[in-house]
Amino acid sequence: MDILISGIALVLLFPLMALIAAMVRLSDSGSVFYRQTRVGLNGHRFTIIKFRSMQEDAERHLGAIWSVPDDPRCTRVCHYLR
């Protein structure tokens, strides 16, 4: 049942996701997606894939920090994605 509902949701949301991908790509050069490793239940590591809302390599100079209002690392479509 999970796979069926997920498949239907992906088909229905595809036009919206394609529009978001195009907006991210046009607002800033670089990849559309951002991959991040997170830790889940019992220390299980998994990779999450998100639409990129910050500049490419935003953590290179400052490291991993929390985003703040009017963050200079954000792209033009960042405010709409967040």
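Coordinates for the structure precede this section.
Here is a short report on the structure shown in this document. Owing to the predicted nature of the structure, the values given are computational and were not obtained by experimental measurement.

1. Some points on the pairing of strand β2 (residues 45-51)
- Bridging between strand β1 (residues 33-39) and β2 involves 7 bridges; their strand directions are antiparallel. Across the sheet, the residue bridging to Thr-37 is Thr-47, located in β2.
- Taking the residues that link successive antiparallel strands as the turn, the β1-β2 hairpin has 5 residues, and the phi of Asn-42 there is positive, at about 60°.

2. Overview of unusual backbone geometry
- One non-glycine residue with positive phi stands out, namely Asn-42, at about 60°.
- Tracing the sequence through the fold places Asn-42 in the loop between β1 and β2.
- Judged by its relative accessible area of 76%, Asn-42 is exposed.

3. Side note on the nonpolar core
- Counting 5 residues, the largest nonpolar core is built from Ile-20, Ala-21, Val-24, Val-32 and Val-77.
- If near-sequence neighbours (up to four positions away) are discounted, Ala-21 is found in contact with Val-32 and Phe-51.

4. Observations concerning the layout of surface pockets
- Roughly 600 Å³ of internal volume is contained in the largest pocket.
- Taken together, 22 residues form the lining of the largest pocket, with Tyr-34, Lys-50, Met-54, Glu-59 and Arg-82 sitting closest to its centre.
- Within the residue set of the lining of the largest pocket, elements represented by two or more residues are β1 and β2.
- Partitioned by chemical class, the residues of the lining of the largest pocket number 9 nonpolar, 5 polar and 8 charged.

5. Topic: a nonpolar patch on the surface
- On the surface, Met-1, Leu-4, Ile-5, Ile-8, Leu-12, Leu-13, Leu-16, Leu-19, Met-23 and Tyr-80 cluster together to form a nonpolar patch covering roughly 1100 Å² of accessible area.
- With 8 residues, the single largest contributor to the nonpolar patch is helix α1 (residues 2-27).
- Here Leu-13 is to be found in helix α1.

What counts, and at which threshold
- Residues numbered from 1 in each chain as written.
- Predicted model: local features only at pLDDT ≥ 70, side-chain atom pairs only at ≥ 80, totals over all residues.
- Heavy atoms only, no water.
- Pairing = 2+ DSSP bridges.
- Helix = DSSP H or I, 4+ residues; strand = E, 2+ residues; numbered from the N terminus.
- Buried < 20%, exposed > 50% of the residue type's maximum accessible area, 1.4 Å probe, protein only.
- Core = buried A, V, L, I, M, F, W, Y, C linked by side-chain atoms within 4.5 Å.
- Contact = heavy atoms within 4.5 Å.
- 1 Å grid on protein atoms, 1.4 Å probe; cavity = no way out; pocket = protein on both sides within 12 Å on 5 of 7 lines; lining within 4 Å.
- Points joined across faces, edges and corners; volume = space filled by probe spheres on them.
- Nonpolar A, V, L, I, M, F, W, Y, C, P; charged D, E, K, R; others polar.
- Patch = residues over 30% accessible without salt bridge, like charges linked within 9 Å, V, L, I, M, F, W, Y side chains within 5 Å.
- Areas by Shrake-Rupley, 256 points an atom, 1.4 Å probe, with all protein chains shown as cover.
- Salt bridge = Lys/Arg side-chain N within 4 Å of Asp/Glu carboxyl O.

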